[in-house]
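Letter by letter, the chains look like this.
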Amino acid sequence: MSDFESRRDATRMNLLRRLAHHVRANSSDLADGPMRNDVSVYTDPVRHAAERQKLFRETPVVACLSNDLPSPGSFRLFDETGVPIVIVRGMDGVARGFLNICTHRGARLVREREGTTKLMTCWFHGWSFDSQGQLRGVPERERFCDAVEERSHLIAVPVAERCGLVFVKATPNSSMDIDAHLGAFAEQLDFLELRQAEPVKSGTLPVSANWKYALDTYGEGYHFAALHKATLAPYFRNDVTVYDKFGPHHRVQFASRDIESWASLPEAEWPKRELGGIHYLFPNTILFVGSIKPGSTYCTTFRHFPGEKVGETVTYKSIYAPAGINSEEYRKEVSEAFDATSYVVENEDYKVAAEGWYNLTSLPAGSTVVYGRQEIALQYQHRTIADAIGMALPQAAYAEAAE
């Protein structure tokens, strides 16, 4: 077993031991106390504007997985932050990002959502650019009288690849320190082994709610028994959580019902379990690793992006086969897993999110929501977001997460 495999297996066993302990002890990872949060955190347009700028334009965000750009010349659009960007894998294998704006007259350069091309050619006047953003073709170039110069190359935005993920910072001509952003969480993401993950299906899930209200749903299992009584509650306990934080990121693991049958057995008799759970990549991305059946895992990405209005959010959802597709039966199973989770999110989580967020807008000034000790991830998540934008949480009763 390699050193990487040993560390990965040690992490997997540590999580299983903690889950098993909680099931035996009827306990859970908990915050030291509850936390109240002012409803304006979800409804204030000034705070919303600061988040859109600081978190979605000045912070690295996940655009896709590496295998969404499978070969030289592969490209895909990234419009989710409100800045038009095209990401393209160069002939040298490096992923780069550029403003999707032709430097001639500002037209949208690439119009297809994704594909493969050697040159990106503007449909307005036919200017063409290569995968490194260099201007390569100008019809009637001589008539520009030397006005076509270095400023005519595409404007770059920072792009980096780590752990099988492609990150973009939607600020032109800036820099990105992706290693500092990920910190110790990079190793945990590496354990998911997403570099070979093959895309299977994608879609969008809009919701009429603030992006943080939608994001909150992914951080706690407390709602399983009530909201998901027929969908998730038969498979997961709502009262057992294992929680770990890594800088601004975190991992949440819920206890599956079948743990109750083996938690008290010797470890040698435990069934094989893949390293899974919910990995939250600050500020807006959820990576959920699950299993269709033993030996058949999938990874789903949920990327939450706020609209211009404080009560508009779109979740971009994609599902992947971590080790690639080895049969059409497996592809079908992964596709069906995508549909099943989409149904739960759209018809349960996001219905209550839209209803709940709308109700918050009707509450009087100074009203609060409360996160219980079992909603430990939400407490930390909201404090981290507030710190990142430099706007303190009004009337928040801070409670440190349990170590």
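**Student:** Looking at this structure, how should I read the overall build of the protein?
**Tutor:** When its secondary structure is counted, the protein shows nine helices and 20 strands. Principal axes of the C-alpha set define a box for the protein whose edges measure 80 × 55 × 35 Å. Of all 403 residues assigned to the protein, the portion counted as buried reaches 53%. Counted over contacts in the protein with a minimum sequence separation of 6, partners at least 24 positions apart contribute 65%. Taken as a whole, the protein presents about 18100 Å² of accessible surface, with 51% of it coming from carbon and sulfur. Separation of charge centres in the protein, based on 44 positive and 52 negative side chains, amounts to 2 Å.

**Student:** Teacher, can you tell me more about the pattern of salt bridges here?
**Tutor:** When charged atoms on two side chains of opposite charge get close, those side chains can pair. Enumeration according to the criterion identifies 29 salt bridges in this entry. A salt bridge links Arg113 to Glu80, with the shortest nitrogen-to-oxygen separation between them at 3.3 Å. Of this pair, Arg113 sits in the loop between strand E5 (95-99) and strand E6 (114-116) while Glu80 is found in the loop between strand E3 (74-78) and strand E4 (85-89), placing the two residues 33 residues apart along the sequence. A residue is classified by how much of its surface remains accessible, and Arg113, at 34% relative accessible area, is partly exposed. In this structure Glu80 comes out as buried when scored by relative accessible area, which is 7%.

**Student:** Help me understand the layout of surface pockets, please; the structure alone is not making it clear to me.
**Tutor:** If a probe as big as a water molecule is rolled over the atoms, it shows which places are left empty. By volume, the largest pocket is sized at about 1400 Å³. As for the largest pocket, its lining consists of 49 residues, of which Phe236, Phe288, Gly290, Ser291 and Tyr298 are closest to the centre. Every element with two or more residues in the lining of the largest pocket is listed here: helix H1 (3-25), strand E15 (249-256), strand E16 (277-281), strand E17 (285-293), strand E18 (296-306) and helix H8 (328-360). Of all the elements, H8 adds the most residues to the lining of the largest pocket, at eight residues. Looking at the lining of the largest pocket residue by residue, the class counts come to 25 nonpolar, 13 polar and 11 charged.

**Student:** Would you mind showing me how to read the nonpolar core here?
**Tutor:** Looking at soluble globular proteins, one finds that nonpolar side chains tend to be buried together. Grouped together as the largest cluster of nonpolar side chains are 56 residues, with contacts concentrated most on Leu55, Phe78, Ile85, Ile87, Val168, Ile286 and Tyr350. Per-element accounting of this core gives the leading share, seven residues, to helix H9 (residues 376-389). Dropping the residues within four chain positions of it, Phe78 is found in contact with Val61, Val62, Ala63, Val83, Pro84, Ile85, Ile87, Val168, Arg303 and Phe305. Within the second largest apolar cluster, 20 residues are counted, among which are Leu165, Phe167, Ala197 and Leu287.

**Student:** Explain the pairing of strand E2 (residues 61-65) to me, please; I cannot follow it from the model alone.
**Tutor:** Regular strands show a simple pattern: their side chains alternate between the two faces of the sheet. Here E2 lies mainly inside the structure; five of its five residues are buried. With four bridges joining them, E2 and strand E12 (residues 165-168) adopt antiparallel strand pairing. Bridged to Val61 within E12 is Val168.

**Student:** Help me understand the environment of Ala321, please; the structure alone is not making it clear to me.
**Tutor:** Among the structural elements, Ala321 can be located in strand E19 (residues 313-321). Separated by 14 residues in the primary sequence, Ala321 and Ser335 have C-alpha atoms spaced 9.7 Å apart. In contact with Ala321, not counting residues within four places along its chain, are Gln196, Ala197, Glu198, Val200 and Tyr330.

**Student:** What is the right way to look at the confidence of the model for the protein in this model?
**Tutor:** The predicted coordinates ought not to be read in detail in places where the model reports low pLDDT. Counting all residues, the mean pLDDT for the protein is 94, and 97% of those residues have values of 70 or more. Long-range and interchain partners of residues 397-403, a stretch whose pLDDT sits below 50, account for 23 contacts in this model, where long-range means more than four residues apart.

**Student:** Looking at this model, I keep getting lost on unusual backbone geometry. Mind explaining?
**Tutor:** The step from Phe282 to Pro283 runs through a cis peptide bond, and the omega angle for that step is 10 degrees. Along the chain, Pro283 falls in the loop between E16 and E17. Positive phi outside glycine occurs at Asp146, with the angle close to 70 degrees. On the basis of relative accessibility, which here comes to 73%, the residue Asp146 falls in the exposed class. Positive phi values are uncommon outside glycine, yet Cys163 reaches one of about 60 degrees. On the secondary structure map, Cys163 appears in the loop between strand E11 (159-162) and E12. Judged by relative accessible area, which is 4%, Cys163 ranks as buried.

**Student:** Even after reading the chapter, I still don't get empty space enclosed by the protein, so can you show me in this structure?
**Tutor:** Counted according to the given criterion, the structure contains two cavities of 30 Å³ or more. Its boundaries defined by the atoms lining it, the largest cavity holds a volume of some 40 Å³. Forming the boundary of the largest cavity are Ala63, Cys64, Leu65, Asp68, Arg76, Thr301, Arg303, Ser318 and Tyr320. Sort the elements by how many residues they give to the lining of the largest cavity and E2 lands first, with three residues. Split into classes, the residues belonging to the lining of the largest cavity amount to four nonpolar, two polar and three charged. Its volume calculated, the second largest cavity comes out at about 30 Å³. Lining the second largest cavity, in full, are Val41, Arg47, Glu51, Lys212, His382, Ile385, Ala386, Ile389 and Leu393. Counting residues per element, the ones that place at least two in the lining of the second largest cavity are helix H3 (45-54) and H9. Here the lining of the second largest cavity gets four residues from one element, more than from any other, and that element is H9. Looking at the lining of the second largest cavity residue by residue, the classes come out as five nonpolar, one polar and three charged.

**Student:** Hey, could you run me through the side chain of Ser256 in this one?
**Tutor:** Locating Ser256 in the fold gives a position in strand E15. Reaching out from Ser256, the side chain makes a polar contact with the side chain of Asp258 at a distance of 2.5 Å. Discounting residues that sit within four places of it in the chain, Ser256 has contacts with Tyr235 and Phe236.

About the cut-offs
- Residues numbered from 1 in each chain as written.
- Predicted model: local features only at pLDDT ≥ 70, side-chain atom pairs only at ≥ 80, totals over all residues.
- Heavy atoms only, no water.
- Helix = DSSP H or I, 4+ residues; strand = E, 2+ residues; numbered from the N terminus.
- Buried < 20%, exposed > 50% of the residue type's maximum accessible area, 1.4 Å probe, protein only.
- Contact = heavy atoms within 4.5 Å.
- Areas by Shrake-Rupley, 256 points an atom, 1.4 Å probe, with all protein chains shown as cover.
- Lys, Arg positive; Asp, Glu negative; His and termini not counted.
- Charge placed at Lys NZ, Arg CZ, Asp CG, Glu CD.
- Salt bridge = Lys/Arg side-chain N within 4 Å of Asp/Glu carboxyl O.
- 1 Å grid on protein atoms, 1.4 Å probe; cavity = no way out; pocket = protein on both sides within 12 Å on 5 of 7 lines; lining within 4 Å.
- Points joined across faces, edges and corners; volume = space filled by probe spheres on them.
- Nonpolar A, V, L, I, M, F, W, Y, C, P; charged D, E, K, R; others polar.
- Core = buried A, V, L, I, M, F, W, Y, C linked by side-chain atoms within 4.5 Å.
- Pairing = 2+ DSSP bridges.
- pLDDT = per-residue confidence, 0-100.
- Polar contact = N/O pair within 3.5 Å; in protein donor to acceptor, adjacent residues only side chain to side chain.

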